[in-house]
Amino acid sequence: MAPLLLKLALLAVLTSTASGYFSTSFRTWISATYGESTAVTLERADLGAAGSFGGGTHNGLSATSKRPILIVHGITNTAGTFNNQRTYFVNNGWSDETVYATTYGDGGVTNVLGVDMECAFVQQVRTMLKIVNAFTQQKVDVIGYSLGSPIIRKAIMGGNCVDNGVALGDPLTSIVETFVSVAGANRGSSLCALPYLFVDVCNANNGLWCGSTFLSNINNPSNVHYEGSKVFSIYGFNDDKVGKDNLCFTGPNSRIPGYDAEMSNAQGNHDQILENYVNVTKVLLDTGAFPV
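The name given to the protein in an unreviewed UniProt entry is Triacylglycerol lipase, and the organism recorded there is Caenorhabditis brenneri.

Written as structure tokens, this is what we have:
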């Protein structure tokens, strides 16, 4: 009996650990369709189980029964940071075939002050969005958390990267159904009072200073509502990282120009908002409106 229990325990550990990577069918499909280098870049096996998730038993040959969700993490986080949110969705109507994430950046090795919104990050999540759309044969629902919101917004918007001029391509609006920003740094962070206060994170090109070229680009008033068919934002006035008001422009830092609706009274600090409003996000994805 003891050896059997040991085997079962080991199997549980291995299953739990393996669940943090892309499923075999998804990874195989990416490699066959887009090349092995793309599969490696997106899976992020170098970060272990925290690097990515998604795919289930789907084979990419038909449409999934439900629209997939792409979760885009925040600054110095990983895909695994949002395992609680992933688990919530899997337990409430979605499945491993319909909840996805990849990790951009180095998973927190670089101090937060040294991180900016690099073109490589934008390219990676843009590729992930296109691949989830192709693999599931469905429009995608996107959740952008914290820094992940402006990064995936630029990925959807397309055009040229502001830091190196690389051409991303045309907008991906047509493949996104619902876009939800949660505590998103969409207009910057109040911690970046001045450009170059910190060399990278607050820089005036692709940093979180509210007048940066990157943020001016994604918030251009002549190009709004490109994020998807429906655009929502969840944020609160006690956010200790994004901040309540923009220091260079009028309006909350998490507001998205041209939004359909927003919840501006989310309770708690930055991390609490990220963790505690997954149920509200679910309602948005299910109904296209905030709960009454």
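Here the narrative resumes, following the displayed structure.
1. Description of the overall build of the protein
The secondary structure content of the protein amounts to nine helices and nine strands. Over its C-alpha atoms the protein spans a radius of gyration of 19 Å, differing by no more than 12% from the 19 Å that the globule rule assigns to 292 residues. For the protein, with 292 residues in total, the buried portion stands at 50%. As displayed, the protein has an accessible area near 12,200 Å², and 56% of this comes from carbon and sulfur atoms.

2. Considering the packing of aromatic side chains
Pairs of aromatic rings are described using the distance from one ring centre to the other and the angle between the two planes. Taken as a whole and assessed by the stated rule, the structure comprises 10 aromatic pairs. By way of ring pairs, the aromatic residues F22, F26, W29, Y34, Y100 and F135 are connected into one cluster. Lying over the aromatic face of W94, K66 brings its terminal NZ or CZ to 4.3 Å of the ring centre.

3. A word on the pattern of salt bridges
A full pass over the atoms with the stated rule returns 12 salt bridges. A salt bridge links E262 to R255; the nearest nitrogen and oxygen atoms lie 2.6 Å apart. We note a salt bridge from D286 to K282, for which the minimum N-O separation is 2.7 Å. Remark: K282 and D286 occur in helix 9 (residues 278-287); sequence separation between them is four residues, near one turn of the helix. In the salt-bridge network here, residues are joined through shared partners; they are R27, E36 and E43.

4. Some details on the layout of surface pockets
There is about 440 Å³ of room inside the largest pocket. Taken together, 25 residues line the largest pocket, and the ones lying closest to its centre are I75, V112, S146, K241 and H270. No other element matches helix 8 (residues 270-276), which puts four residues into the lining of the largest pocket. Here the residues of the lining of the largest pocket sort into 14 nonpolar, eight polar and three charged.

5. Concerning the side chain of R126
Relative to the elements of secondary structure, R126 occurs in helix 5 (residues 119-136). Buried charge without a salt bridge: R126, with D170 as the nearest opposite-charge side chain at an N-O distance of 6.7 Å. Discounting chain neighbours no more than four positions away, the residues touching R126 are A155, I156, G158, L168, G169, D170 and L172.

6. Concerning the packing of helix 2 (residues 24-34) against helix 5
When two helices pack together, their arrangement is given by the angle between the helix axes and by the axis-to-axis distance. Orientation of helix 2 relative to helix 5, taken along the N-to-C sense of each, is 105°, at an axis distance of 11 Å. Here helix 2 lies roughly perpendicular to helix 5, going by the angle between them. For the pair helix 2 and helix 5, the contacting residues are S25, F26, W29, I30 and Y34 in the first and M128, K130, I131, A134 and F135 in the second. When the residues that make up the contact of helix 2 with helix 5 are grouped by side-chain class, the tally is eight nonpolar, one polar and one charged.

Parameters at a glance
Residues numbered from 1 in each chain as written. Predicted model: local features only at pLDDT ≥ 70, side-chain atom pairs only at ≥ 80, totals over all residues. Heavy atoms only, no water. Helix = DSSP H or I, 4+ residues; strand = E, 2+ residues; numbered from the N terminus. Rg over C-alpha atoms; globule rule 2.2 N^0.38 Å. Buried < 20%, exposed > 50% of the residue type's maximum accessible area, 1.4 Å probe, protein only. Areas by Shrake-Rupley, 256 points an atom, 1.4 Å probe, with all protein chains shown as cover. Phe/Tyr/Trp six-rings, centres within 6.5 Å; stacked < 30°, edge-to-face > 60°. Lys NZ or Arg CZ within 6 Å of the ring centre and 35° of its normal. Salt bridge = Lys/Arg side-chain N within 4 Å of Asp/Glu carboxyl O. 1 Å grid on protein atoms, 1.4 Å probe; cavity = no way out; pocket = protein on both sides within 12 Å on 5 of 7 lines; lining within 4 Å. Points joined across faces, edges and corners; volume = space filled by probe spheres on them. Nonpolar A, V, L, I, M, F, W, Y, C, P; charged D, E, K, R; others polar. Lys, Arg positive; Asp, Glu negative; His and termini not counted. Contact = heavy atoms within 4.5 Å. Axes fitted to C-alpha atoms, helices over the stretch in contact; angles between N-to-C directions. Parallel < 35°, antiparallel > 145°, perpendicular 65-115°, else oblique.

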